[in-house]
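# Architecture at a glance
Spelled out, the chains give:
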Amino acid sequence: MSNATYNKMWEEAQEALNSLLEGESEKALEPPQDQVVIFQMLATFYVKYVQIFRNLENVYDQMVHPQKRILIRQVLDAVMGRILELKNEMVELEFSEFHYFDDILQDLKLAPEQLDIPIPKYFLKEKMEVLREREKILAQILSKAGLEDLHLKLPLKVIPLEEAVKLIQISERARQGRLRATFMRQIYHQDIREKQARLHGEKAPDIGSAAVRIQKFWRSFYQFKKTAKEKEEEMIFLGMNPSPQIQSFNNTLLSAQKVNFLRYEVQEKHEEDYKEALVSIKTNLKMLEGPDIKESLQDQIRHWFIECRNMTGTFPDYPNEEEGGSALIFSDKTPQQVIQDILVREVEEENQKKAKKEAKEKKEKKKKKEKEEKRETKKIEEDERWKMTPSLFVPTIEEGNNKYKGVWRDIDESWNFPQGHDPEMIKEEKRKELESEIRVQVDELMRQELKNLKLAVDREREIPRKQKKKKDKKKGRKGKKGKKEKDLTPDRTLDSLYKELVEEGLLIRPLKVQLSEYIGEFCYLGTTLRHISIEPMPSLSDVRQLITLYGILPLGSQTVHEKAPLVKTLLLAGPSGVGKKMLVHAICTETGANLFNLSSTNIAGKYPGKTGLQLMVHMVMKMEPRRLKKQLPKIIKQMKPEDRILIVGTTKRPFEADIKPLCKVYQKIIMIPRPDYASRFVLWRQVIQRAGGKITKSLNISCLSKVTDGFTQGQIVQVVRGILTDRRVRQQKHKALTATEFITSLARLEPVYKEEEETFKIWYSKTPLGKKRANALSGADEKDKGKGRGRGKIKGKEKGKGRGKK
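Before going into details, it helps to say that this report is about the structure given with it. Computed from a predicted structure; not experimentally measured. (Residues numbered from 1 in each chain as written. Predicted model: local features only at pLDDT ≥ 70, side-chain atom pairs only at ≥ 80, totals over all residues. Heavy atoms only, no water.)

## Description of the layout of surface pockets
Operational definition: Using a grid of 1 Å spacing that covers the protein atoms alone, one calls a set of points a cavity when a 1.4 Å probe fits there but cannot get out, and a pocket when the set is open and has protein on both sides within 12 Å along at least five of seven lines; lining residues are those with an atom within 4 Å of a point. Grid points are joined across faces, edges and corners, and a volume is the space filled by probe spheres set on the points. Comment: elements are numbered from the N terminus, with helices defined as DSSP H or I runs of at least four residues and strands as E runs of at least two. Each residue gets one of three labels, nonpolar for Ala, Val, Leu, Ile, Met, Phe, Trp, Tyr, Cys and Pro, charged for Asp, Glu, Lys and Arg, and polar for the others, Gly among them.
Computed from the structure, the second largest pocket encloses a volume of approximately 1,600 Å³. Along its surface, the second largest pocket is lined by 43 residues, and Asp 61, Pro 120, Lys 121, Lys 125 and Tyr 264 are the ones closest to its centre. Considering every element that reaches the lining of the second largest pocket, the biggest residue donor is helix 9 (residues 245–288), with 12 residues. Partitioned by chemical class, the residues of the lining of the second largest pocket number 16 nonpolar, 10 polar and 17 charged.

What follows is the structure in C-alpha cells.
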C-alpha cells in the first residue's frame, strides 16, 4: 500500500473519531436512564472506538512521516485508554466482565473478527534492542549455570559406549530380521498362488486379454478422477470448499509482508533524519534569528517600563522567574495593551471589592437555605440518575483531533512525495522554544536594568516583592513521619540480583507465545440468551479480549497505565488444561515484560525462614520500579499507576480457597470455561495443520468436535502431538488421517464434566461481582413479574457500590 493510501485511512479514522466525539458530547448533556438504553449506548461507543483503534494502529505501524506519527501516537494511546474506560463503565453497569455485541455488530454490519482488539506493534518494536540485550544476558546466565532450556528439554540419560553399541546392534539385527520376514512372506504367497493355478488348470493369459484388462482398469481410474474433479469444482462453486486461489492469495500476503518490512526501514531512516533536523534547525535559528529575537524582546520590555511610568508615575515590578518572568505579561500582547490591562484590573478590583461586600451579606442568608434544599434534592437525584464517569482521555482525543484539522487535514504535500519531515513546522516549533530560552536570559538582564533605572530616575531602591509562601505538602501530614525502607541488599547491583533470581528459578524466560495462538471462536447467541434470562458461558474469544484489555494494553503503554482504570491484580480460574499459564506467557511475550514465578511449588525450599522470605520479596521487587513489603494486600496498596506491574494468579481449584481474602487480593477474576463446539472445531483444524497434518475428506473435523465435548484445549493439543509424529506425517501421502486415530487416544483422558463446570459457576457467583450480578438479575425478574415490563433498571446506589477504586 502507498503513502496516499495510509493518509486516506488516517483521514477516514479522524472523520469517524470526530463524529463519535460529537455523539458522546450530545449524550453527555442528556444521558439516558434506562439500563438497556445505557448499555446500548456504551456498547455502540465501545465498538466504534475499537474500529477506530484498529485503523489507527495500522496507520501508525505503516506511516513513514515522522511528524504525523507523533500525532497519531498521541491519539492512538488516548483511544486505547477510552476503550478501557468504556469497558469499565459496562462492567459497573451490568456487573459482568463479559458482554455480547452480536446485535450491535449486525446493526453496524460488522463481522465478529472486527471486534478483536489488536495489540499495537510498537509495544515490542520500540524496545526491541532492550529485549535483545536482556535475552542475551539471560541466555548467558542460564548457559553458565547449566540451566539453559531446562524447562523445555527432558533429562538425558548418559550410558557407556559398550552399552550404546549393543543397543545399535540389537536395532540393526531387528531391522534385518523384519526385512527377511517380509521377503519370505512374499515368496510363500507366490507359491500358494502357483499351486492354486495348477489345481484349477488355469492357463497364462494371452496378450489381448491382458490389454483389455489394463484398459478396463485405466478407464475406471480415469472416470473416477474426472468425477472427483467435477465434484470438487461443484463444492468450490457452492462455497463448501476453499478455492485453489488461496495459494496465490497467500503469496500476495507474503509479498505484502515484505513491503511492510521495507516501510519499517524507511520509518527508521526518516526518524533519524527528523532527529538530526531538530538539532540542526535549532542551531541555525539561534545563529540567524537569535540576536534579533533578543533585541526585540529587550525593546518590548523597555517600552513597557517607560509606558508604565508615564501612566502610573512609577516603574512596574518585574515578575519573578518562578512566576514566568516577562512571559507572564507579554503573552502575545503589545506594551500598550499590557498597560491598559493593568489599569482596567485596578478599577475592576476596586469595584468588585465594594460589590462583594454588599452582595455577601444578602446572599449568605439565602445560600444557607438553598444549600440545605439542594443537598436533599441532589442526594435523591444522584441515587436515581445515571451519569457517565468523566473521561481522562477524551480531552486528549479532542486536542489531537483539533490539531489534525488545523495542521494536517488541508495541507498541501505535493512537494513531499517520500513523506519525510516538514522543515517549516520544525522551524515554527523551535522558534518558540528558542524564544522561551532567550527570554530567560533577557529577563535577567532587564531586571538589573530596571533596578538601575529606579536608582537613577526615582532615587529609590527596589523594594523586594513579597512572595507567596508555598505550603510544604510534606508538612501537611500530621503525625505521619515517613520511614525510609531498609535496603536489604545495599551493596548489590541490579545485574547481580538479576543473575541470582535467574539461577534460583524465580525469574524465568517466558515461552514465545502470541495471544493469537489462544484459539477460540466468538459467541453468536450471547445477547439472545440474556434476553431470555439465561446467562451464557463466556467464549474463549471473550477471554482473549479480556486478557488484552486488562493485561496487555496497560502494560504496553505507560500513558494508558497511568490514566486508565487501574488493574493491579488478575486471577485466571478454570479447569486444568484451558490455557491459564499460556495466557500468562502471552502477556509477557506481547509486552516484553519480565516474568517472576512466585508460585508455592516454585519457591518451596528457597530462601527459608522469615528473613529469607523478606529477602526474596525484596530482591524481586528491586528489579521493578517500586519497593514493596511483606504481605500481598499491602504490596498491592503500594502499587501506583506509574508502576507497570501486574500480579497474575492461576488456579484450577479456586473453590478450595477462602473466598474473602482471595477477592481482596485479586481485583479482576476471569473464569475460563472449557471450549464450546465452535471453538473446538477451529482448534482441531488449526492444531492439526500446525502439526503438519492435512485436512482431507477422510478426516471429519465436525465429528471430532462433537465427540470431544468436555475436553480442554490442552488435552486436544496433547492428543494431536501424540498422533502426528514425524513418521505419521510422512505417511499421509499413502494413508490419510482419520478421526478414529484421535478418538482412540482421547479415550484414555478424563474430560471436564458438567458437575465440575457447575462448581466453578457456583464459586464465581459468590465473588463480589458475581453477587452483584445475581442481585441485579433477581431484582429485574421481580420487576418483570410485578409490572410486566422488560429488563428492570439497576438503581444508582447499587451501581455506586460496584465502582472500583481508580
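Next comes the rest of the account.
## Comments concerning the side chain of Gln 67
Applicable threshold: Each residue gets one of three labels from its accessible area relative to the maximum for its type: buried under 20%, exposed over 50%, partly exposed in between, using a 1.4 Å probe on protein chains only. Any pair of N or O atoms that falls within 3.5 Å is considered a polar contact. Within protein, one atom must be able to donate a hydrogen and the other to accept it, and sequence-neighbouring residues count only if both atoms are side-chain atoms. Note on definitions: a residue-residue contact is assigned when non-hydrogen atoms from the two residues lie within 4.5 Å.
Mapped onto the elements, Gln 67 comes out in helix 3 (residues 66–94). Looking at Gln 67, the relative accessible area reads 8%, which means it is buried. Of note is the side chain of Gln 67, whose polar atom sits 2.5 Å from the backbone nitrogen of Asp 422. Excluding residues that lie within four positions of it along the chain, Gln 67 makes contacts with Tyr 274, Trp 408, His 421, Asp 422, Met 425 and Ile 426.

## Description of the sheet that holds strand 5 (residues 668–671)
Defined as follows: Here, a strand pair is defined by DSSP locating no fewer than two bridges between the strands. Note on definitions: angles span 0 to 180 degrees between N-to-C directions of axes, and those axes are lines fitted to C-alpha atoms, for helices only across the stretch in contact.
The strand order 4-2-5 describes an open sheet built from three strands, whose pairing is parallel. Edge positions in the open sheet fall to strand 4 (647–651) and strand 5, since each of these has one partner strand only. The average undirected angle you get between the axes of adjacent strands in this sheet is 20°. Sheet topology note: the strand 2 (residues 569–573)/strand 5 ladder contains four bridges and is parallel. Counterpart to Leu 571 in the pairing with strand 5 is Ile 669. Those strands touched by helix 28 (residues 754–765) are strand 2 and strand 5, and its axis lies near 160° from that of strand 5.

## Comments concerning the packing of aromatic side chains
Here is the rule: By convention, a stacked pair of Phe, Tyr or Trp rings (six-membered ring in the case of Trp) has centres within 6.5 Å and planes under 30 degrees apart, an edge-to-face pair has planes over 60 apart, and any other such pair is tilted. Lysine and arginine charges are scored as sitting over a ring when NZ or CZ, respectively, is within 6 Å of the ring centre and within 35 degrees of the ring normal.
Throughout the structure, instances matching the rule amount to 16 aromatic pairs. A network of ring pairs unites the aromatic residues Trp 10, Tyr 404 and Trp 408 as a single cluster. Across the ring face of Tyr 60, the terminal group of Arg 69 is positioned such that the distance to the ring centre comes to 4.2 Å. Looking at Arg 73, its charged tip hangs above the ring of Tyr 122, at a distance of 3.8 Å from the centre.

## Side note on the pairing of strand 4
With burial as the criterion, only one face of strand 4 is covered, namely that bearing Ile 647, Gly 649 and Thr 651; the residues Val 648 and Thr 650 on the opposite face remain uncovered. Of the strand pairs in this sheet, strand 2 and strand 4 are connected by five bridges, and their pairing is parallel. Bridging from a neighbouring strand, Leu 570 pairs with Val 648 of strand 4.

## Regarding empty space enclosed by the protein
Applying the stated criterion across every chain, the model contains six cavities of 30 Å³ or more. Considered as a void within the structure, the second largest cavity measures approximately 60 Å³ in volume. Residue lining of the second largest cavity: His 99, Phe 101, Leu 115, Asp 116, Phe 522, Ser 541, Asp 542 and Gln 545, and that is the complete set. For the lining of the second largest cavity, a count of residues per class yields three nonpolar, three polar and two charged.

## Remarks on a negative patch on the surface
What counts, and what does not: Residues qualify for a patch when their relative accessible area is over 30% and they have no salt bridge, like charges being joined within 9 Å and the nonpolar side chains of Val, Leu, Ile, Met, Phe, Trp and Tyr within 5 Å. For every accessible area listed, the method is Shrake-Rupley and the probe measures 1.4 Å; residues are considered covered only by the protein chains on display. In what follows, salt bridge is the name for a side-chain nitrogen of Lys or Arg lying within 4 Å of a carboxyl oxygen of Asp or Glu. Neither His nor the chain ends is counted toward charge; the positive residues are Lys and Arg and the negative residues Asp and Glu. Just so you know, the charge point we use is NZ for Lys, CZ for Arg, CG for Asp and CD for Glu.
Taken together, the side chains of Glu 265, Glu 268, Glu 272 and Glu 276 present a region of like negative charge at the surface. Tracing the backbone through its elements, the reader meets Glu 272 in helix 9. We classify Glu 272 as partly exposed; its relative accessible area is 48%.

## Digging into the pattern of salt bridges
The full count for this structure, using the stated rule, is 32 salt bridges. In this structure, Arg 175 and Glu 172 form a salt bridge, with 2.6 Å as the shortest nitrogen-oxygen distance. You can see Arg 175 and its partner Glu 172 sitting in helix 7 (residues 161–200), three residues apart, about one turn around the helix. Since its relative accessible area comes to 33%, Glu 172 is described here as partly exposed. Between Arg 674 and Glu 757 there is a salt bridge, with the nearest N and O atoms lying 3.1 Å from each other. Remark: Glu 757 occurs in helix 28 and Arg 674 occurs in the loop between strand 5 and helix 23 (677–690); sequence separation between them is 83 residues.

## Notes on the nonpolar core
Convention followed: We define the nonpolar core as a collection of buried residues of types Ala, Val, Leu, Ile, Met, Phe, Trp, Tyr and Cys that are connected through side-chain atoms lying within 4.5 Å of one another.
In terms of nonpolar packing, the biggest core is built from 100 residues, with Tyr 46, Phe 101 and Ile 670 touching the most fellow members. For this core, the element with the highest residue contribution is helix 2 (residues 35–62), accounting for 15 residues. Those residues in contact with Phe 101, other than ones at most four positions away along the chain, are Phe 39, Ala 43, Tyr 46, Val 47, Met 90, Leu 115 and Thr 527. Counting 19 residues, the second-largest nonpolar core is a separate cluster that includes Trp 304, Cys 308, Phe 315 and Val 442.

## Quick word on the side chain of Lys 87
Mapped onto the elements of the fold, Lys 87 is located in helix 3. It is Glu 97 that comes nearest to the buried, bridge-free Lys 87 among opposite-charge side chains, at 5.3 Å. Ignoring sequence-local partners within four residues, the contact set of Lys 87 consists of Tyr 46, Glu 97, His 99, Leu 546, Leu 549 and Tyr 550.

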